[in-house]
Amino acid sequence: MKKKLDSSLEVQVAQLLRARGFQLVTAESCTGGLLANRITDVPGSSDYFLGGYVSYAYKAKVAALGVSWDTLHKYGPVSRETVLEMARGARTAL
């Protein structure tokens, strides 16, 4: 069952994205897809949400998002460097 969304963060994000004509993609790891779930709770979210990736394992980060093994081994999966590569990969893919 969907929760009430009147002035939730999800609705506020939707309003901002629509007002600015922006589109959104996600690249998640530790959240396990929670961000994409919350975004798609808003009716009509396909207007601005193109899709996302949940890449939890190193192999998935490399294969789906193009994160380099060197980055993962040097900085770890929860690092600024890895996050930036994940974001670039998601943006390129979608």
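Below, the structure is looked at part by part. Note that the structure is predicted; figures quoted are calculated from it, not measured.

## Considering the side chain of S29
Point 1. With respect to the helices and strands, the residue S29 is situated in the loop between strand 1 (24–28) and helix 2 (34–40).
Point 2. Judged by its relative accessible area of 12%, S29 is buried.
Point 3. Within the structure, S29 has its side chain in polar contact with the backbone oxygen of S55 (distance 3.4 Å).
Point 4. In contact with S29, other than residues within four places in its own chain, are S55, Y56, K61 and M86.

## Regarding the packing of aromatic side chains
Each pair of aromatic rings is reported with the distance of its centres and the angle of its planes.
Point 1. In this structure the tally under the stated criterion is one aromatic pair.
Point 2. Consider the rings of Y58 and W69, whose centres lie 6.3 Å apart with planes at 55 degrees: the pair is tilted. Note that Y58 is positioned in helix 3 (residues 58–65) and W69 in helix 4 (residues 69–75), a separation of 11 residues in sequence.

About the thresholds
- Just so you know, the residues in each chain are numbered from 1, in the order the chain's sequence is written.
- It should be noted that, the model being predicted, local features are given only for residues of pLDDT at least 70 and side-chain atom pairs only at 80 or more, the latter also being counted only at that level, while totals for whole chains, interfaces and linings use all residues.
- Processing note: side-chain calculations cover all non-hydrogen atoms of the structure and skip hydrogens and water entirely.
- Secondary structure elements follow DSSP: runs of H or I of four or more residues count as helices, runs of E of two or more count as strands, with numbering from the N terminus.
- For every residue, the accessible area obtained with a 1.4 Å probe (protein chains only) is divided by the maximum for its type, and the residue is called buried under 20%, exposed over 50%, and partly exposed between those limits.
- Counting of polar contacts relies on pairs of N or O atoms within 3.5 Å, with two restrictions inside protein: one atom must be capable of donating a hydrogen and the other of accepting it, and residues adjacent in sequence are counted only when both atoms are side-chain atoms.
- Contacts: residue pairs with any heavy atoms within 4.5 Å of one another.
- Think of it this way: a Phe, Tyr or Trp ring, Trp meaning its six-membered ring, pairs with another when their centres are within 6.5 Å, and the plane angle makes it stacked under 30 degrees, edge-to-face over 60, tilted otherwise.

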